[in-house]
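Structural overview for review
Here are the chains, one letter per residue:
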Amino acid sequence: MHRSRVYALLIDTPEAEAARAAEFWSAALGVSTRPVPAEPQFIGLHEALPGLVTAVQAVDDAPRYHLDIETDDVPAETARLLALGATEVSQWLECRILRAPGGHLLCVLPVESPPEVFAAQARTWS
């Protein structure tokens, strides 16, 4: 058994447009931006979606949205999603990047949220 939950919604934006996109989304959603010093490719949109991390991510690809799913067992959650029809695209550090049916990207990553949040909100899978 393992547990997982949606952790983040990322607004992937070409690197040259990331700052401008973050300004737009900040104003459009009425929230402040917060740089992520340890991960400069991210500009957080504080409390845009309560309970979820929401951020603009600078990418070297086309604009898109993607979800991050956090789990206490990355291989098990990846296998579960592959069995549902996702395909594996790549791996970055401990994160598995998948493509869901329909073409959307999602990332499976180790638990990032505080333990009490994960425990309260994660679903259990067998």
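Here is what the cut-offs are and how they apply
Residues numbered from 1 in each chain as written. Predicted model: local features only at pLDDT ≥ 70, side-chain atom pairs only at ≥ 80, totals over all residues. Heavy atoms only, no water. Helix = DSSP H or I, 4+ residues; strand = E, 2+ residues; numbered from the N terminus. Rg over C-alpha atoms; globule rule 2.2 N^0.38 Å. Buried < 20%, exposed > 50% of the residue type's maximum accessible area, 1.4 Å probe, protein only. Pairing = 2+ DSSP bridges. Arc of directions from axis to C-beta.

With that settled, consider the overall build of the chain. For the chain, the count of helices and strands is three helices and nine strands. Starting at the N terminus, the α and β elements of the chain follow one another as β-α-β-β-β-β-α-β-β-β-α-β. Whereas a compact globule of 126 residues would reach a radius of gyration of roughly 14 Å, the chain reaches 15 Å, a difference of no more than 12%. Projected onto its principal axes, the C-alpha coordinates of the chain cover approximately 40 × 30 × 25 Å.

So, about the environment of alanine 28. On the secondary structure map, alanine 28 appears in helix H1 (residues 18-29). Classification of alanine 28 by relative accessible area gives partly exposed; the value is 48%. A C-alpha to C-alpha distance of 13 Å links alanine 28 and alanine 55, two positions 27 residues apart in sequence.

In this section: the pairing of strand E8 (residues 105-110). Walk down a regular strand and you will see the side chains alternate between the two sheet faces. Among the six residues of E8, five are classified as buried, and the element is accordingly described as predominantly covered. Bridging between strand E5 (residues 64-71) and E8 involves six bridges; their strand directions are parallel. Paired with isoleucine 69 across the two strands is valine 108, which belongs to E8. Taken together, strand E7 (residues 95-99) and the strand that follows it, E8, pair antiparallel across an intervening segment of five residues, in which glycine 102 is found at a positive phi of about 100°.

Each α-helix winds once per 3.6 residues, and so residues spaced three or four apart point in a common direction. Looking only at helix H2 (residues 74-83), the buried set comprises Val74, Glu77, Thr78 and Leu81. Here the buried residues of H2 occupy an arc of 100° about the axis, which is enough to place them on one side. Away from its buried face by more than 90 degrees, H2 exposes Pro75 and Ala83.

So far we have only geometry, and geometry alone does not tell us how the molecule works.
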